[in-house]
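Single-letter residue listing:
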Amino acid sequence: MKKVWIDAGHGGKDPGAARNGLQEKDIALAVSLAIKSKLENEYEGVQVLLSRSTDVFLELKDRTNKANAAGADLLVSIHCNAGGGAGGFETFRFTSASAASRALQNVIHGEITTAIKPFNITDRGQKTGNLHMCRESRMPAVLTENLFIDVKSDADKLKQAKVIEAIVSGHVSGIAKYLGLKKKEAATKADALTVIVNGKNIDGVKLIDDVTYVPLRAVAEALGVNVDWNNNTKTATITN
């Protein structure tokens, strides 16, 4: 069983970057929870452990101490950025990172940039830094900076469910590729499912544990109704 440690940056009294109606801690937590759900539901032999699953404050040393004690196979710390002018996506590893951390960064960065490419998000590249989460982790570790909260064009993208889904999918794909995880049979069978709404074939249908999951936005579009996503309250609202 592979153990993946996902660290949702900030939390509680520490909101992280905040601007344009968004708080970094909220996005980091939402992305982390979604990574755990998607990775465990779709892949065999993996357990995802979280630094936090609610809006609580944790010291940096507590986060890495728990990850090290758990014997995780890799660590990914989830963040959003600020102060970047044109905005974009970037990843960090420790300045003196191991070959394994460099390999993890290469894979995750590549998978995420591929996933978010349709949204015209700037690729700021792979970087190094003396960051606690990467420095003090005993396993391969990478920190991802998922767009800039204080850049309005990025913030507008972060408010879109499809962009968050792409960010999550990129993380999951990168982790799975790095660890060599195998897709669950139920997940691969999803390709054979057919859901038709108002005569339109719906893409992205999945069968997980004998439950059929259908993308809400795709169903709404087929029905001719609107879907609005509020990232602050994590609420989807359907209106005519």
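Residues numbered from 1 in each chain as written. Predicted model: local features only at pLDDT ≥ 70, side-chain atom pairs only at ≥ 80, totals over all residues. Heavy atoms only, no water.

Trainee: Teacher, can you tell me more about the nonpolar core here?
Mentor: Ranked by size, the top nonpolar core spans 41 residues in total, and within it V4, I6, L39, L158 and I175 carry the most contacts. Looking at this core, the elements with two or more residues in it are β1 (2-8), α1 (24-42), β4 (46-50), β5 (74-81), α3 (99-116), β8 (141-148), α5 (152-158) and α6 (161-179). Residue contributions to this core peak at 9 residues, all from α6. If we ignore the near neighbours within four places in the chain, the residues touching I6 are S32, I35, V48, L49, L50, S51, V76, I78 and I175. (Core = buried A, V, L, I, M, F, W, Y, C linked by side-chain atoms within 4.5 Å. Buried < 20%, exposed > 50% of the residue type's maximum accessible area, 1.4 Å probe, protein only. Helix = DSSP H or I, 4+ residues; strand = E, 2+ residues; numbered from the N terminus. Contact = heavy atoms within 4.5 Å.)

Trainee: Quick question: what am I supposed to make of the side chain of N146 here?
Mentor: Summarising the element assignment, N146 is placed in strand β8. A relative accessible area of 2% places N146 in the buried class. A distance of 3.0 Å separates the side chain of N146 from the side chain of T144, its partner in a polar contact. (Polar contact = N/O pair within 3.5 Å; in protein donor to acceptor, adjacent residues only side chain to side chain.)

Trainee: I'm lost on α3 in this one. Help?
Mentor: Given 3.6 residues to a turn, an α-helix orients residues that are three or four positions apart in the same direction. Counted at 1.5 Å a residue, the expected span for α3 with its 18 residues is 26 Å, and the 26 Å between its end C-alpha atoms agrees. For α3, the full list of buried residues reads S101, L104, Q105, I108, H109, E111, I112, T113 and I116. Next to the buried residues of α3 lie β5, β6 (89-94), β7 (123-129), β8 and α6. (Expected span 1.5 Å × (residues − 1).)

Trainee: Help me understand the pairing of β5, please; the structure alone is not making it clear to me.
Mentor: Where a strand is regular, its side chains alternate between the two sheet faces. Within β5, 8 of the 8 residues are buried, leaving the element largely enclosed by the surrounding structure. Covered by surrounding structure in β5 are L74, V76, I78 and C80 together with L75, S77, H79 and N81, the residues of both alternating faces. Pairing of β5 with β8, which is carried by 6 bridges, proceeds in the parallel orientation. The residue of β8 that forms the bridge with L75 is A141. (Pairing = 2+ DSSP bridges.)

Trainee: Help me out: how do you make sense of the packing of α1 against α6 in this one?
Mentor: In a packed pair of helices, the relevant descriptors are the angle between the two axes and the axis-to-axis distance. Packing of α1 against α6 leaves a shortest axis separation of 9 Å and a crossing angle of 50 degrees. Of the possible angle classes, the one that applies to α1 and α6 is oblique. For the element pair α1 and α6, the recorded crossing hand is right-handed. Contacts between α1 and α6 involve I27, V31, A34, I35, K38 and L39 from the first element and I164, I167, V168, S169, H171, V172, I175 and A176 from the second. (Axes fitted to C-alpha atoms, helices over the stretch in contact; angles between N-to-C directions. Parallel < 35°, antiparallel > 145°, perpendicular 65-115°, else oblique. Left-handed = near helix turned anticlockwise from the far one by under 90°.)

Trainee: Mind showing me how you'd approach the pairing of β7 here?
Mentor: When β6 meets β7, the two strands line up parallel, connected through 6 bridges. Bridge pairing in β7 links F89 to D123. Read as a crossover between parallel neighbours, the route from β6 over α3 to β7 is right-handed. (Right-handed = clockwise from strand over helix to strand, strands pointing away.)

Trainee: Help me understand the pattern of salt bridges, please; the structure alone is not making it clear to me.
Mentor: Where charged atoms from two side chains of opposite charge come close, those side chains can pair. Here the structure, examined in full by the defined rule, presents 10 salt bridges. Among the ionic pairs, K36 bridges to E40, the shortest N-O distance being 3.1 Å. Of the two residues, K36 and E40 both sit in helix α1, 4 residues apart, roughly one turn of that helix. A relative accessible area of 25% places K36 in the partly exposed class. A relative accessible area of 22% means that E40 is categorised as partly exposed. Here the salt bridges share partners, and the residues they tie into one network are K38, E42 and K183. (Salt bridge = Lys/Arg side-chain N within 4 Å of Asp/Glu carboxyl O.)

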